[in-house]
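Structure assessment
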Amino acid sequence: MTAKEKSWKEISPAGVCWKSSTQFLTGDWKTYKPVRDLEKCTRCLLCVLFCPDGAIHWKPEKGDIEFDYNFCKGCGICANECPAKAIEMKLE
Ligand code: SF4
Ligand code: SF4
């Protein structure tokens, strides 16, 4: 197997990735998944700012946010920071 065929799971700790992080779908790291209560959410966008992986996107055409589960690592920061307590971390 060549280096280019390795997945992120086969890279040793502190190993160097050879391609952009956008090409690794790191969402499969997660154990817990953020699920939003649409009734409680005030669209304040704080979760968008706090997500360390940029996995929550503001969609102006919908006037709403969207989680990108391909990149969400399930850290729970969004749930912790949400002032409306609209995000619940659920076991995948
Ligand atoms: S932080 Fe909470 S209330 Fe604000 S947009 Fe995110 S889910 Fe909605
Ligand atoms: S759980 Fe973490 S990675 Fe996933 S959307 Fe929330 S803040 Fe971002």
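Below, the structure is looked at part by part. Small disclaimer: the values here were computed from a predicted structure and weren't measured.

Points about the overall build of the protein
Along its length, the protein carries two helices and four strands. Counting from the amino terminus, the protein carries its helices and strands in the arrangement β-α-β-β-α-β. Taking all 92 residues of the protein together, 26% fall into the buried category. Of the contacts made within the protein by residues no fewer than 6 positions apart, 57% connect residues no fewer than 24 positions apart.

Focus on the environment of His57
Examined against the element boundaries, His57 turns out to sit in strand E2 (residues 56–59). A relative accessible area of 31% means that His57 is categorised as partly exposed. Here the alpha-carbon distance between His57 and Asp68, two residues 11 residues apart in the chain, equals 7.4 Å. In this view, His57 contacts Asp64, Ile65, Glu66 and Asp68; residues no more than four positions away in its chain are not counted. At 3.5 Å, the side chain of His57 forms a polar contact with the backbone oxygen of Gly54.

What to know about the pattern of salt bridges
The final tally for this structure, using the stated rule, is four salt bridges. We note a salt bridge from Asp53 to Lys73, for which the minimum N-O separation is 2.4 Å. Taken together, the residues span a long stretch of sequence, with Asp53 in the loop between helix H1 (46–50) and E2 and Lys73 in the loop between strand E3 (64–67) and helix H2 (77–81) at a distance of 20 residues. A salt bridge links Glu66 to Lys62, with the shortest nitrogen-to-oxygen separation between them at 2.2 Å. The partly exposed category is assigned to Glu66, whose relative accessible area is 29%. On the basis of relative accessibility, which here comes to 54%, the residue Lys62 falls in the exposed class. Members of the salt-bridge network, linked through shared partners, are Arg36, Arg43 and Asp64.

A few points about the site of ligand 2
As a matter of local geometry, ligand 2 sits amid 14 residues, with Cys51, Cys72, Cys75, Gly76 and Cys78 nearest to it. Tallied by class, the residues present in the shell around ligand 2 amount to 10 nonpolar, two polar and two charged.

What counts and how
Residues numbered from 1 in each chain as written. Chains lettered and ligands numbered in written order. Predicted model: local features only at pLDDT ≥ 70, side-chain atom pairs only at ≥ 80, totals over all residues. Heavy atoms only, no water. Helix = DSSP H or I, 4+ residues; strand = E, 2+ residues; numbered from the N terminus. Buried < 20%, exposed > 50% of the residue type's maximum accessible area, 1.4 Å probe, protein only. Contact = heavy atoms within 4.5 Å. Polar contact = N/O pair within 3.5 Å; in protein donor to acceptor, adjacent residues only side chain to side chain. Salt bridge = Lys/Arg side-chain N within 4 Å of Asp/Glu carboxyl O. Near = heavy atom within 4 Å. Nonpolar A, V, L, I, M, F, W, Y, C, P; charged D, E, K, R; others polar.

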